[in-house]
Amino acid sequence: MKFKFWGVRGSIPTPGPSTVKYGGNTTCIEVRTDNNDLIILDAGTGAHALAQDLLQYMPIKAHILITHTHWDHIQGLPFFTPIYIPGNSISIYGGRDMVTGQGIQRALDVQHQYSFFPIPVGHLKADVHYNDVNEGEKFNIADATVTPITLNHPVINFGYRIDCDGQSLFFTGDYEQQYNIYSPEDAEYIGFQEAIDERVDALINTIQGVDALIIDSSFTTEEYNQKKGWGHGSYDAAIELATRANVKQLFLTHHEPTRNDDQLDTIYADLLKRYPNLGFELHIAQERVQVSL
Amino acid sequence: MSTISEQEIIDYVEAMPAFPKSVNKVINLTSNMDSSAKDIVAAIEGDPVMTVKILKVINSAFYNLQTKVSSVQRALVIIGINTIKNLAISVAIIGILKPYKTKLFDTDLFLEHSLATAFICKSLAERQGISALHSTDYFIAGLLHDFGKIVFAERFPERFNLALEESSETGTDLSLLEVTHLGINHAQVGYMLAVKWELPEELAKAIEEHHKPASNLFGHCLFAANQMAKQGELGTSGNPVIEPFPTECIELFGADLDDLIEELGGIPAIKSTVQQLIGV
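Anyway, here's the lowdown on the structure attached to this text. (Residues numbered from 1 in each chain as written. Chains lettered and ligands numbered in written order. Predicted model: local features only at pLDDT ≥ 70, side-chain atom pairs only at ≥ 80, totals over all residues.)

**Section: the pairing of strand S4 (residues 61-65) of chain A**
All names here are of chain A. With four of its five residues buried, S4 lies for the most part within the structure. As judged from the four bridges shared by strand S3 (residues 38-41) and S4, these two strands associate in the parallel manner. Following the sheet pairing, Ile-39 is matched in S4 by His-63. Each parallel crossover has a hand, and the one from S3 via helix H1 (residues 46-54) to S4 is right-handed. (Buried ≥ 20, exposed ≤ 12 C-beta atoms within 10 Å, placed from the backbone. Helix = DSSP H or I, 4+ residues; strand = E, 2+ residues; numbered from the N terminus. Pairing = 2+ DSSP bridges. Right-handed = clockwise from strand over helix to strand, strands pointing away.)

Here it is, written out as structure tokens:
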């Protein structure tokens, strides 16, 4: 199995000279099995560049796993040109929204509404399928097995584990480990902490030993303390999780939009200095970099 | 007299609004960006209607969670505060429960009784060694144990009133008279709804058994908490009968009703905690 980053930025695209190295597109990861089956993790603006690359291989069969429906993870869908080309088969997977009760199809339907996009959803020419995923319910895509797990974010968000060819990777989508909303003196504090621990253990169990963990790590710990509850993780929290789950490689992604290349380089150097004995390879996710597992 | 059907109850509960105080609290808290997650959870957990409507969505077969979620706090850890908050708003906009007020049944006192039973039930569970994580289930059981009565009061007020009057005049247990006048008692309604909401079986069972000999610790805690709340006159839900602790119950707790009340700090202390839960 191999994968390639087409978008590593969080929240909003950040093109410009200061983001040339790591890239300015929002989340999109291309995963290829050894049989060359195509799985795409999220369709942020990086999906447009991926689509340009895929045009040389038409017709294609693509499986797009959407972690959640915030703009930076779906904005590339209407620009994913293979959906307008007959003969292509595009399967889109995602969770149901608990508040609206709607499935993943709504993400595309809404974006193609008259006010937001010139081409109505009825004019998609590819064979488009929608699949609602459920917590812990494994499903197969060709030879790959996908395991979804709900992760804390301000909207329903699924992390996906992909197992194929004896290898594995896990992508969190956007994720902040829930913090304790109670103070130690509150009666609810201990019970709530136990509920958090139970949930984190379930996540560690799901990602245990993966070859690659790709994780939302938007903030430094200092920044995180100012942005608790925003739904994103920190570099230190990512390293702690990766350590507990015995992963082989850790990729830090969802770069904060105001962060430039130099700052990311500095953060990386600092992490290597502060964690000299990590039991895994540490990387900052970088657009167009391909990783073979 | 015709027996009311399960479908009538289910249809009513689907469209049932939440209690005025929590609806107002949810609207106020969610219109302020700086509201704490803790306050939002407290507003939801202080209202049996709000609580079940949120747990019902999370537990629905639609989302197929592997473990049934039985408290708002555990739901928060899985799906996050923002989704919880938006679910609460969607319940709040249904409207406000019209308070039912007669001399035998009063919505405000009903809520106080439910929260008192919830708090005592959770405290008893912790006393018996149940972990803080799981004792939240006991709180929810207390909060929901009389849910059937609010359905009777709002949806079938005339027939429920006959049961209340007869219970008050003759000192007969209200749940027996509910069967006479409505064909079903509130514990059976509570069980039916808890199963429908896909709450854990043990919790549903405790609600069903709360006027019968309990079959496990959960049932004993709920039975005892209900009697203690009545004894302490912490709100009321229309039943004048305080059932004595059966021997089994006294052996389990190693204490009788009065000892347990004393252990929890006495009625005034319990009342003050319950008032905080109501938000008075």
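**Let's talk about the sheet that holds S4(A)**
Residues and elements named next belong to chain A. On the basis of which strands lie adjacent, the open sheet formed by seven strands has the order S6-S5-S4-S3-S2-S1-S14 and mixed pairing. Edge positions in the open sheet fall to strand S6 (127-132) and strand S14 (290-292), since each of these has one partner strand only. The average angle at which neighbouring strand axes cross in this sheet is 20°, direction not considered. Bridge count for strand S1 (residues 2-7) against S14 is three bridges, and the pairing is antiparallel. Counterpart to Phe-3 in the pairing with S14 is Val-291. Running at roughly 125° to S1, H1 makes contact with S1, strand S2 (28-32) and S3 of the sheet. (Axes fitted to C-alpha atoms, helices over the stretch in contact; angles between N-to-C directions. Contact = placed C-beta atoms within 7 Å.)

**Topic: helix H7 (residues 107-127) of chain B**
Residue and element names in this part refer to chain B. A rise of 1.5 Å per residue sets the reference length of H7, with its 21 residues, at 30 Å; its end C-alpha atoms lie 30 Å apart and thus fit the reference within 8%. In terms of burial, H7 is a largely internal element, 16 of the 21 residues being buried. Where H7 terminates, the next one or two residues include Gly-129, which has phi positive at roughly 95°. (Expected span 1.5 Å × (residues − 1).)

**Comments concerning the interface of chain A and chain B**
Across the contact, 25 residues belong to chain A and 26 residues belong to chain B. When residues of the side of chain A that touches chain B are assigned to their parent elements, the largest contribution, eight residues, is made by helix H4 (residues 189-207) of chain A. Split by residue class, the side of chain A that touches chain B holds 11 nonpolar, seven polar and seven charged. (Nonpolar A, V, L, I, M, F, W, Y, C, P; charged D, E, K, R; others polar.)

**Structural notes on the environment of Asp127(A)**
All names here are of chain A. When you line up the elements, Asp-127 lands in strand S6. By the C-beta count within 10 Å, which is 14 here, Asp-127 ends up partly exposed. Once residues lying within four places of it in the same chain are set aside, the contact partners of Asp-127 are Asn-88 and Ser-89.

**Describing the sheet that holds strand S10 (residues 167-171) of chain A**
The pairing of strands in a sheet happens through backbone hydrogen bonds and is either parallel or antiparallel. All names here are of chain A. Overall, mixed pairing links the seven strands, which are arranged S7-S8-S9-S10-S11-S12-S13 in an open sheet. Each of the sheet's edge strands pairs with one partner strand only, and the pair in question is strand S7 (139-141) and strand S13 (281-284). In this sheet, adjacent strand axes meet at a mean angle of 20° when their direction is disregarded. Direction of pairing for S10 relative to strand S11 (residues 212-216): parallel, over a ladder of three bridges. The residue of S11 that forms the bridge with Leu-169 is Ala-212.

**Thoughts on the nonpolar core**
Residues and elements named next belong to chain B. By size, the foremost hydrophobic cluster in this structure holds 98 residues, and its most contacted members are Ile-54, Ala-75, Ala-88, Cys-121 and Ala-141. At 10 residues, H7 tops the list of elements feeding residues into this core. Composition of this core by domain shows at least three residues from each of domain 1 (17-92) and domain 2 (107-278). Other than its neighbours up to four places away in sequence, Ala-75 contacts Ile-54, Leu-55, Ile-58, Val-69 and Ile-84. (Core = buried A, V, L, I, M, F, W, Y, C linked by C-beta atoms within 7 Å. Domains from an automatic or database assignment.)

**Regarding the pairing of strand S12 (residues 249-253) of chain A**
On any regular strand, side chains alternate: one points to one face of the sheet, the next to the other face. Residue and element names in this part refer to chain A. Across the five residues that make up S12, a large majority, four, are buried. In the sheet, S11 pairs with S12 via five bridges, with the strands oriented parallel. Residue pairing across strands places Ile-215 opposite Leu-252, the latter belonging to S12. Both S12 and S13 contribute to a ladder of four bridges, which runs parallel. Of the residues in S13, the one forming a bridge with Leu-250 is Leu-282.

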